[in-house]
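# Reading the structure
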Amino acid sequence: MTGITVIVTGPEEAYDNEAEFWCANELMGVTVLHEGRLHLRIDPRSDGAPWLADAESLARSLAEAEQLLAAY
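All of these numbers come straight from a predicted model, not from anything done at the bench.

### A short note on the overall build of the protein chain
The helix and strand inventory of the protein chain stands at two helices and four strands. Each helix and strand of the protein chain, placed in order from N terminus to C terminus, yields the pattern β-α-β-β-β-α. Taken over the C-alpha trace, the protein chain has a radius of gyration of 12 Å; the compact-globule value for 72 residues is 11 Å, and the two agree within 12%. Summarising its shape, the C-alpha atoms of the protein chain cover approximately 30 × 20 × 20 Å along the three principal directions. Out of the 72 residues in the protein chain, the part that is buried amounts to 26%. When contacts within the protein chain are restricted to residue pairs at least 6 apart in sequence, long-range pairs at least 24 apart make up 37% of them. As presented, the protein chain carries roughly 4800 Å² of accessible surface, and 53% of it is formed by carbon and sulfur atoms. On the protein chain, the mean spot of the 4 positive side-chain charges and the mean spot of the 13 negative ones are 6 Å from each other.

Structure (structure tokens):
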């Protein structure tokens, strides 16, 4: 599985706590604020197969998303 890349597309998305998680060229999920805490909503793959993300890449991406959102 390809590594996960985190993108915050702009200040409006950062204000809404939305960071995008991309795996290769496919959107894997988006962060959302739920009950005051940041969560990762993982969307289904377009081909119906399950996502397979290695734990190290996912943990790094989650930490990076929090840092990117806080920077705005």
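### Focus on the pairing of strand β1 (residues 4-7)
Burial along β1 is one-sided: the residues Ile4 and Val6 are buried and none of Thr5 and Ile7 is. As paired strands, β1 and strand β2 (residues 20-23) are joined by four bridges and run antiparallel to one another. The residue bridging valine 6 from the neighbouring strand is phenylalanine 21, located in β2.

So, how was this worked out
- Residues numbered from 1 in each chain as written.
- Predicted model: local features only at pLDDT ≥ 70, side-chain atom pairs only at ≥ 80, totals over all residues.
- Heavy atoms only, no water.
- Helix = DSSP H or I, 4+ residues; strand = E, 2+ residues; numbered from the N terminus.
- Rg over C-alpha atoms; globule rule 2.2 N^0.38 Å.
- Buried < 20%, exposed > 50% of the residue type's maximum accessible area, 1.4 Å probe, protein only.
- Contact = heavy atoms within 4.5 Å.
- Areas by Shrake-Rupley, 256 points an atom, 1.4 Å probe, with all protein chains shown as cover.
- Lys, Arg positive; Asp, Glu negative; His and termini not counted.
- Charge placed at Lys NZ, Arg CZ, Asp CG, Glu CD.
- Pairing = 2+ DSSP bridges.

Keep in mind these values describe shape, not function.
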